[in-house]
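# Residue-level structural notes
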Amino acid sequence: VMADHLEDDEQVEALKRWGDENGKSTMAAVVLAVAGTVGWQQYQGWSTQQAELASDTWGAIEVALQSDDSRSSEDVRVLANALKSDFSSTVYARFAALQLAALAVEDGDLAVAETELRWALSKEDTNSEMGQLIQLRLARVLADRGDTESALAVLNSGVDAYPAAYATAKGDIYVSEGRHAEALDAYREARAVLLALGNPPGILDTKITSLESRLASSEEAS
């Protein structure tokens, strides 16, 4: 379900803002490692230019995403692939891969979505917030492709950044497999995390109530 893949949009927006605020300085820090062989002044100018070009390209993608033009999706694909090709080491390239994966999910092409997410993950620290976000989306794509074992393995690899979203994804996968008791435990875990953070559980309450009723009915029938 597309809504499941996009339910973490708030985290994506936060990461975009982080990229806008820190992307240039992050790139500058990375290029310092090789500055000694080129010359600081020359390399500083080059790295700043690269960062600005990557940022501008991402800005063009955001404009295209907000457009009602029938060609906007194709424009996004062209720009996103250009970002991946020309600025693969930047945070904007990972944003681009995430967007390409989202478009692929919309088109029902889960194989392409998986490829894009794995590319993004190969460029990111798996323990970072973005790395965990990419893995969350990858797990949902794997589950939709029928590989629930791999999906659960991804979700069990780390939950520090988005524990509620990870637990919810596990619950959804368990439900799809008919493992209702495990799904209920996962949903309850997600709900507890949200409440501890002062956030409303939202649809989780509905999922929990539905599963509780289903399990109670099963116990009565047996």
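What comes next concerns the included structure. Since the model is a prediction, treat every value here as computed from it, not as a measurement.

Definitions and limits used
Residues numbered from 1 in each chain as written. Predicted model: local features only at pLDDT ≥ 70, side-chain atom pairs only at ≥ 80, totals over all residues. Heavy atoms only, no water. Helix = DSSP H or I, 4+ residues; strand = E, 2+ residues; numbered from the N terminus. Buried < 20%, exposed > 50% of the residue type's maximum accessible area, 1.4 Å probe, protein only. Contact = heavy atoms within 4.5 Å. Areas by Shrake-Rupley, 256 points an atom, 1.4 Å probe, with all protein chains shown as cover. Salt bridge = Lys/Arg side-chain N within 4 Å of Asp/Glu carboxyl O. Core = buried A, V, L, I, M, F, W, Y, C linked by side-chain atoms within 4.5 Å. Axes fitted to C-alpha atoms, helices over the stretch in contact; angles between N-to-C directions. Parallel < 35°, antiparallel > 145°, perpendicular 65-115°, else oblique. Left-handed = near helix turned anticlockwise from the far one by under 90°. Nonpolar A, V, L, I, M, F, W, Y, C, P; charged D, E, K, R; others polar. Phe/Tyr/Trp six-rings, centres within 6.5 Å; stacked < 30°, edge-to-face > 60°. Lys NZ or Arg CZ within 6 Å of the ring centre and 35° of its normal.

## Observations concerning the overall build of the protein chain
Broken down by element type, the protein chain carries 11 helices and 0 strands. Across the 222 residues in the protein chain, those meeting the buried criterion constitute 42%. Put simply, of all contacts in the protein chain between residues at least 6 apart along the chain, 54% involve residues at least 24 apart. Split by element, the accessible area of the protein chain, about 11600 Å² in all, is 49% carbon and sulfur.

## Focus on the pattern of salt bridges
Per the counting criterion, the structure on display carries 12 salt bridges. For the salt bridge of Arg-145 with Glu-114, the shortest nitrogen-to-oxygen distance reads 2.6 Å. Of this pair, Arg-145 sits in the loop between α7 (129-144) and α8 (148-155) while Glu-114 sits in helix α6 (residues 110-122), and the two are 31 residues apart along the sequence. When its relative accessible area of 45% is taken as the criterion, Arg-145 is described as partly exposed. With a closest N to O distance of 2.5 Å, Arg-191 and Asp-205 form a salt bridge. Here Arg-191 is found in helix α10 (residues 180-196), whereas its partner Asp-205 is found in helix α11 (residues 203-221), with 14 residues between them in sequence.

## Notes on the environment of Gly-146
Here Gly-146 shows up in the loop between α7 and α8. Gly-146 sits 27 residues away from Ile-173 along the chain, and the two C-alpha atoms are 9.8 Å apart.

## Some thoughts on the nonpolar core
Formed by 54 residues in total, the largest nonpolar core has its most connected members in Leu-83, Tyr-92, Leu-117, Ile-134 and Leu-155. Broken down by element, this core gets its largest block of residues, 11 residues, from helix α5 (residues 91-106). Once residues lying within four places of it in the same chain are set aside, the contact partners of Leu-155 are Leu-136, Ala-139, Tyr-166, Ala-169, Lys-170 and Ile-173.

## Let's talk about the environment of Ser-73
Its place among the elements puts Ser-73 in helix α4 (residues 72-86). Its relative accessible area of 32% is what places Ser-73 among the partly exposed residues. Spatially, the C-alpha atoms of Ser-73 and Leu-103 are 7.9 Å apart, while their sequence positions differ by 30 residues.

## Things to note about the packing of α10 against α11
For the pair α10 and α11, the least separation of the axes is 10 Å and the interaxial angle reads 150°. Considering the angle they form, α10 stands roughly antiparallel to α11. Relative to α11, α10 is oriented so that their crossing is left-handed. Along the contact surface, α10 presents His-180, Ala-181, Ala-183, Leu-184, Tyr-187, Arg-188, Ala-190, Arg-191 and Leu-194, while α11 presents Leu-204, Asp-205, Lys-207, Ile-208, Leu-211, Glu-212, Arg-214 and Leu-215. Tallied by class, the residues present in the contact of α10 with α11 amount to 10 nonpolar, 1 polar and 6 charged.

## What to know about the packing of aromatic side chains
All told, the structure shown has 2 aromatic pairs when counted by the stated rule. Their ring planes at 45° and their centres at 5.4 Å tell us that Trp-58 and Phe-95 sit as a pair that is tilted. One end of the pair, Trp-58, is in helix α3 (residues 40-65); the other, Phe-95, is in helix α5, and 37 residues separate them in sequence. Taken together, a centroid distance of 6.3 Å and an interplanar angle of 70° make the contact between Tyr-92 and Phe-95 edge-to-face. With Tyr-92 and Phe-95 both in helix α5 and 3 residues apart, the pair spans about one turn of that helix. As far as burial versus exposure is concerned, Tyr-92 and Phe-95 are alike and both buried. When the ring centre of Trp-119 is taken as reference, the NZ or CZ atom of Lys-84 above it lies at 4.7 Å.

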